[in-house]
Amino acid sequence: MPVHQDIIGRILVLRVDNPPVNALSKIERRGLIEGIARGASDDVDAIVLTGAGASFIAGADIREFGKPPEPPHLPEVVETIEASAKPVIAAIAGQALGGGLEVALACHYRLAEAGARFGLPETTLGIVPGAGGTQRLPRLIDPMLAADMVATGKSLDAASALRTGLIDWIADQPIDVAALGHARSLAGQPLDERRLSERNVEPSPDAIEDLALLKAETVKKSRGAIAPGVAIDLVAKALQSPYDVGVAEERARFLELRSGSQAAALRHIFFAEREAAKGPAEAPRSIERVGVIGAGTMGAGIAMSVADAGIPVVLVEQTEAALGAGLDRIARAYGEAVARNRLSNDVADERRNSITGATGYDLLANADLIIEAAFETMDVKDAIFKSLDAIARSDAILATNTSYLDIDAIAAVTSRPSQVLGLHYFSPANVMKLLEIVRGRETDPTVLATALAFARRTGKVPVVAGVCHGFIGNRMLRAYNREAGLLLLEGATPSQIDTALTDFGMAMGPFAVADLSGIDIGHKGRQAMEPGAYEPAAFRVHDGLVSCGFLGRKTAVGFYRYASGKVDGENADVADIVAAARKEFAVSPRSIDPEEIVERCIFAAAAEGLQIVKEGIAARPGDVDVVYVNGYGFPRHRGGPIFYLRETGEAGLAAIRRYAAGPFGRWWPDVGHPGAIEPPGIGKSTDKDAA
Ligand code: CAA
């Protein structure tokens, strides 16, 4: 039974039981209404509403969202709970999220375990709460906090929830026992007037003004995602309108957003991330001690990401000076986190102290996993892996953070190629969520399963890739940057291209990114590539800038000029370099519209992604989307490059065919044919049918 009913003494306990997270589908919604009706009988004095297992209710069942909604709807459930003449106490362990928090808000009292979390993450799924969340929360807690929670989807822990008035008690004994105790003490008492009169609040003009500011900031940050701004409007509505009016507006906006393309895209990426994190059936080994080789930006970031998950790290550098610089970098980063109130001093100290520096490999002898993040040449990797093979335990996993090099070749220098794989982090490694796990030809399934479990434990979004130059993400990026470079040659300026792509929702444009990471980095990378492996015309301007010493932000001049760390206009010298490149490649400039810029760059990444799936480097199109969304600033609300291409349908494929027939079209993989965007695992969505 999805909602169990148990009478204990004169208390009715309703327990939602829909593993793994007690999501509410129509069966649970019906069960809750039936349960409250059962509570009306004379043998019941009070009702406890709780969840089975580790979660209270993690929200509506997202899998139902693509289908026509079926009654009873959640608003009916929450109205029924609130209208109960018997006091209803929510007993919350684990997650009370989305519709789960709305159910808790409708209860007359809320009791929680110390580890519980409360949030309205609907905007992360492209929708807004649809059962009173935006109307009840600002009536219960500080409206600005409520607005922040609904706009960002951030959750509160139990201590904050108690402090802000979201919950009434934190249980100081097992939650079921505490819930029964509270229920008994409330039995027969009239319902607290305050709880029933919360519907009428006096609007505060200050809050309305602050909400307008928050909305302007949020819209700017959302890069085109609609739901966060709508959520703040609804909170403002709560402060200015009677409850019933606000709730009707909320429901209308919920239904509208739910059937929109952004919600479909965000649901796609939600499930794609979880699918990508699944690996072989083998049980993962436990990782309790980690070694990191290299204390540069990457190695230090990796060490912090591991330490942040409570796993001790040994960080190895060749010299005391390099090690000291790395440890200083880590100390500074933790110091900044404290200064920004992201971490307490104690937690920051604990994490920093769990990273031990060393200049030799001896302390790695006991590590379960060693991650190499040293210089990106095969000679360096060879030497390190030979040494690690000699010192590491025979069952230790050896990983390389290489971005491009052949992992099979690295594995081959060891006596244990089955224990070797790639862990490709993105910079800054303690912040960026993506982790490409690169399986070598001989990587053991248990090793892969262990890497996936380790990734999740350290808060990463893992995607498994096969071995090829650039794996999934950097290979797609190469195609994306190729088209950006060609567009420059064909007539667009760096800022036209960057603006078209940031207007589309990319976090940064390709030329701003090149300036940030250093134009010389890509230049060096190309020099190491086989001739013919990339389109020289696409990167001639980059190369020209490097020969002038314009390397990007670090020299204060690249595609743009920088003053005090901020963009201070385009670099006027780019025009001359572009003119020379046009001459060299016999390209006549023309006017290029933003639509072509977006199509060329995004479809190039998507087409490369489809090719990557076809070659088996990625298991499914969703994996490719997860990589580009989490590692390359692709707007999440557009679902990833392949999802976006799929949504454009035949028009997108026709565009790919057109570009493939263009002057530099030989680089486009052969994916512009009908059927290319319907590979297994990404069937046409029926989301638009949802009412
Ligand atoms: N609906 C359906 N399935 C869900 C779900 C949901 N709300 N939440 C989680 N799941 C599924 C996941 O898909 C996953 O399934 P598989 O094992 O088959 O892949 C499984 O539950 C476990 O999820 P996680 O791997 O994410 O587990 P976790 O322990 O890392 O995290 C969690 C648990 C914090 C609850 C996380 O799953 C989460 O954030 N879920 C989404 C919560 C959410 O957004 N709720 C709001 C929904 S919208 C809403 O509620 C509006 C409304 O009322 C109309």
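Residues numbered from 1 in each chain as written. Predicted model: local features only at pLDDT ≥ 70, side-chain atom pairs only at ≥ 80, totals over all residues. Heavy atoms only, no water.

(A) A look at the site of the ligand. Near the ligand, the surroundings consist of 24 residues, among which Ala58, Ala60, Gly99, Arg274 and Lys278 are the closest. Backbone polar atom of alanine 58 to a nitrogen atom of the ligand: 2.8 Å apart, as the coordinates give it. Between arginine 274 and the ligand, the recorded distance is 2.7 Å, taken from a side-chain N or O atom to an oxygen atom. When isolated, the ligand has an accessible area of 970 Å², and the protein chains bury 75% of it. Elements with a contribution of two residues or more to the shell around the ligand: β5 (95–97), α3 (99–106) and α12 (261–276). Sorting elements by how many residues they give to the shell around the ligand places α12 first, with 3 residues. Taken together, the residues of the shell around the ligand sort by class into 14 nonpolar, 4 polar and 6 charged. (Near = heavy atom within 4 Å. Polar contact = N/O pair within 3.5 Å; in protein donor to acceptor, adjacent residues only side chain to side chain. Areas by Shrake-Rupley, 256 points an atom, 1.4 Å probe, with all protein chains shown as cover. Helix = DSSP H or I, 4+ residues; strand = E, 2+ residues; numbered from the N terminus. Nonpolar A, V, L, I, M, F, W, Y, C, P; charged D, E, K, R; others polar.)

(B) Examining the side chain of lysine 86 more closely. Among the structural elements, lysine 86 can be located in the loop between α2 (74–83) and β4 (88–92). Only 3.3 Å separates the side chain of lysine 86 from the backbone oxygen of alanine 40, close enough to count as a polar contact. Looking at lysine 86, its side chain comes within polar contact range of the main-chain oxygen of valine 44, at 2.8 Å. Apart from residues lying up to four places away in sequence, lysine 86 is in contact with Gly39, Ala40, Ser41, Val44, Asp45, Ala46, Ile47 and His108. (Contact = heavy atoms within 4.5 Å.)

(C) Examining the sheet that holds strand β2 (residues 11–16) more closely. Strand order in the open sheet formed by 6 strands is β1-β2-β3-β4-β6-β9, with mixed pairing between adjacent strands. Bordering the open sheet on either side are β1 (3–8) and β9 (169–170), each of which pairs with just one other strand. Here β2 pairs with strand β3 (residues 46–51) via 6 bridges, running parallel. Opposite arginine 15, over in β3, you have threonine 50 as the bridge partner. (Pairing = 2+ DSSP bridges.)

(D) Region of interest: the side chain of glutamate 102. Looking at the secondary structure, you find glutamate 102 in helix α3. Arginine 136 is the oppositely charged side chain nearest to the buried, salt-bridge-free glutamate 102, at an N-O distance of 7.1 Å. A polar contact is formed between the side chain of glutamate 102 and the backbone nitrogen of alanine 131, at a distance of 2.8 Å. Contact partners of glutamate 102, with chain neighbours within four places excluded, come to Leu74, Val78, Leu120, Glu122, Pro129, Gly130, Ala131, Gly132, Gly133 and Glu250. (Buried < 20%, exposed > 50% of the residue type's maximum accessible area, 1.4 Å probe, protein only. Lys, Arg positive; Asp, Glu negative; His and termini not counted. Salt bridge = Lys/Arg side-chain N within 4 Å of Asp/Glu carboxyl O.)

(E) Representation of a nonpolar patch on the surface within the structure. Where nonpolar side chains cluster on the molecular surface, the patch consists of Met508, Val513 and Leu516 and spans about 240 Å² of accessible area. On the basis of relative accessibility, which here comes to 37%, the residue valine 513 falls in the partly exposed class. (Patch = residues over 30% accessible without salt bridge, like charges linked within 9 Å, V, L, I, M, F, W, Y side chains within 5 Å.)

(F) Region of interest: the packing of helix α23 (residues 536–547) against helix α24 (residues 573–585). Closest axis-to-axis distance for the α23/α24 pair is 9 Å, and the angle between their directions is 145°. You can see that α23 and α24 cross each other, and the crossing is right-handed. Where α23 abuts α24, its residues Pro536, Ala537, Arg540, Val541, Gly544 and Leu545 lie against Val574, Ile577, Val578, Ala581, Glu584 and Phe585. (Axes fitted to C-alpha atoms, helices over the stretch in contact; angles between N-to-C directions. Left-handed = near helix turned anticlockwise from the far one by under 90°.)

(G) Spotlight on empty space enclosed by the protein. Using the criterion set out here, one finds 2 cavities of 30 Å³ or more in the structure. Its boundaries defined by the atoms lining it, the second largest cavity holds a volume of some 30 Å³. Lining the second largest cavity, in full, are Leu369, Ile397, Leu421, Leu423, Thr450, Ala451 and Phe454. Listing elements by their share of the lining of the second largest cavity, those giving two or more residues are β15 (420–425) and α18 (445–457). Each residue belonging to the lining of the second largest cavity can be placed in one class, and the counts come to 6 nonpolar, 1 polar and no charged. (1 Å grid on protein atoms, 1.4 Å probe; cavity = no way out; pocket = protein on both sides within 12 Å on 5 of 7 lines; lining within 4 Å. Points joined across faces, edges and corners; volume = space filled by probe spheres on them.)

(H) Structural detail: unusual backbone geometry. A cis amide bond links proline 71 with the next residue in sequence, proline 72, at an omega value of -5°. Relative to the assigned elements, proline 72 resides in the loop between β3 and α2. Backbone torsion omega between serine 427 and proline 428 reads -10°, so that peptide bond is classified as cis. Along the chain, the position of proline 428 falls in the loop between β15 and β16 (434–439). Within the chain, arginine 223 stands out as a residue other than glycine whose phi angle is a positive 50°. Phi angles above zero are rare outside glycine, and phenylalanine 471 is one such case at about 50°. Residue classification places phenylalanine 471 among the buried residues on the basis of a relative accessible area of 0%.

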